[in-house]
Amino acid sequence: MKKTRLKLAGLRADRLRMPASFFSMVLGLVGLGSCWRVAGKIWPLPVWVSESIMLLAVVIWFVLLLLYISKWLWAKEDALAEFEHPILCCFIGLVPVSTLLVALAIMPYSHTIAVALFVVGAISQLGFGVYRSGQFWMGGRKPAATTPVLYLTGVAGSFVTTIVASALGYREWSVLFFGMGMFSWLALESIIMQRLYLLEALPKPLRPTLGLQLAPPAVGCVAYLSITSGPPDTFAQMLFGYGLLQALILLRLMPWLFQQPFTASYWAFTLGIAALALAPLRFVERGTTGVIEGLAVLLFIGANIVIGSIFLGTVRLLLRDKLSPPAMPAKAD
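What counts as what
- Residues numbered from 1 in each chain as written.
- Predicted model: local features only at pLDDT ≥ 70, side-chain atom pairs only at ≥ 80, totals over all residues.
- Heavy atoms only, no water.
- Helix = DSSP H or I, 4+ residues; strand = E, 2+ residues; numbered from the N terminus.
- Patch = residues over 30% accessible without salt bridge, like charges linked within 9 Å, V, L, I, M, F, W, Y side chains within 5 Å.
- Areas by Shrake-Rupley, 256 points an atom, 1.4 Å probe, with all protein chains shown as cover.
- Salt bridge = Lys/Arg side-chain N within 4 Å of Asp/Glu carboxyl O.
- Buried < 20%, exposed > 50% of the residue type's maximum accessible area, 1.4 Å probe, protein only.
- Axes fitted to C-alpha atoms, helices over the stretch in contact; angles between N-to-C directions.
- Parallel < 35°, antiparallel > 145°, perpendicular 65-115°, else oblique.
- Left-handed = near helix turned anticlockwise from the far one by under 90°.
- Contact = heavy atoms within 4.5 Å.

Not every positive phi belongs to a glycine, and D321 is a case in point at roughly 60°. Positionally, D321 belongs in the segment after α13 (291-319).

Moving on to a nonpolar patch on the surface. A cluster of nonpolar side chains, contributed by L55, V59, F62, V63 and L66, occupies part of the molecular surface with about 460 Å² of accessible area. Its location among the elements puts L66 in helix α3 (residues 47-74). Overall, L66 belongs to the partly exposed group, its relative accessible area being 44%.

What the rule picks out here adds up to 4 salt bridges. Between K71 and E82 there is a salt bridge, with its nearest N and O atoms 2.9 Å apart. Of the two residues, K71 is situated in helix α3 and E82 in helix α4 (residues 76-84); the sequence distance between them amounts to 11 residues. Like E82, K71 is buried. Note that R282 is salt-bridged to E285, the shortest N-O span being 3.1 Å. Remark: E285 and R282 occur in helix α12 (residues 270-285); sequence separation between them is 3 residues, near one turn of the helix. For R282, a relative accessible area of 28% puts it in the partly exposed group. According to the relative accessible area criterion, E285 is partly exposed, its value standing at 31%. Each of K41, R282 and E285 takes part in a single network of salt bridges with overlapping partners.

Once that is clear, we can look at the packing of helix α10 (residues 234-252) against α12. The geometry of a pair of packed helices is captured by two quantities: the angle between their axes and the separation between those axes. Two numbers describe how α10 lies on α12: the axes approach to 10 Å, and their chain directions differ by 150°. Our classification of the angle between α10 and α12 gives roughly antiparallel. The crossing of α10 and α12 is left-handed. Seen from α10, the contacting residues are A236, Q237, F240, G243, L244 and A247; seen from α12, they are L276, A279, P280 and F283.

Okay, the side chain of T162 next. With respect to the helices, strands and loops of the structure, T162 is situated in helix α7 (residues 155-167). Given a relative accessible area of 0%, T162 falls into the buried group. T162 has contacts with S174, F177, F178, A223, S226 and I227, leaving out every residue within four places of it along the chain.

Spelled out as structure tokens, the structure:
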């Protein structure tokens, strides 16, 4: 009996140590649900699929939010260690970003709740981005700690805020946030590329973070489409093309990226994958024909396969009580 109690206590402690990176599950699922919502408008697909995915995303977000709040209440040392970690700290930006996407999922059912979640998420992601970026501007950061997770300090949040603000009718705000995300992305990309090109290879536990490299052009394309109207212009297609290039590079790196067993960290790929599938669907919805139509079908199928596989793999880890991520390096030398 005593051993059972100790085991249960250990399981509870593991849940309280839940990393903020787990909120990437919400991003991938809402992204996939958005793909199904748009696909249902241009193809004869059932509506219940998109809404089921959205419901699943909202439930997961709610559970993760409760666990994350509990972590700050009853495992504050772990929460502070994550907050001060040179790499893991950036994942905290996923908390408000996931809240924004939940607002998008709920919007067709309750505009009031969606607006409330949007306000909380937008202010929180902006506050987090300003605080964390200001900390980085003061210097002292080691180059090896620079990875694509830096995009979570302002780029991802700004682009997602753009999308949700536009969907809620706040176009002026959406344009402002698009500017924040666009120029933050351009500034950070050169820094991240320099680290990837010139320093040693990323440690195996950090390699899935390269999946975030796909997100800025893909999510940025969807964000740009949300603040424009009519047939997608040349700039939108350029953003989509750069997203395709990032996806091809990641495909080329698959053997190197997957040199460790499957973990929940692979959810880092899902936001970019979902956005890369969503962009051509938006193109087709707005009248684009030709090669984009074929890419829309292929990328939609691919997003479902990849995100569905990651979801099933995560469920398998959960059932085997192996969902906790591998330990990250405490310092980046």
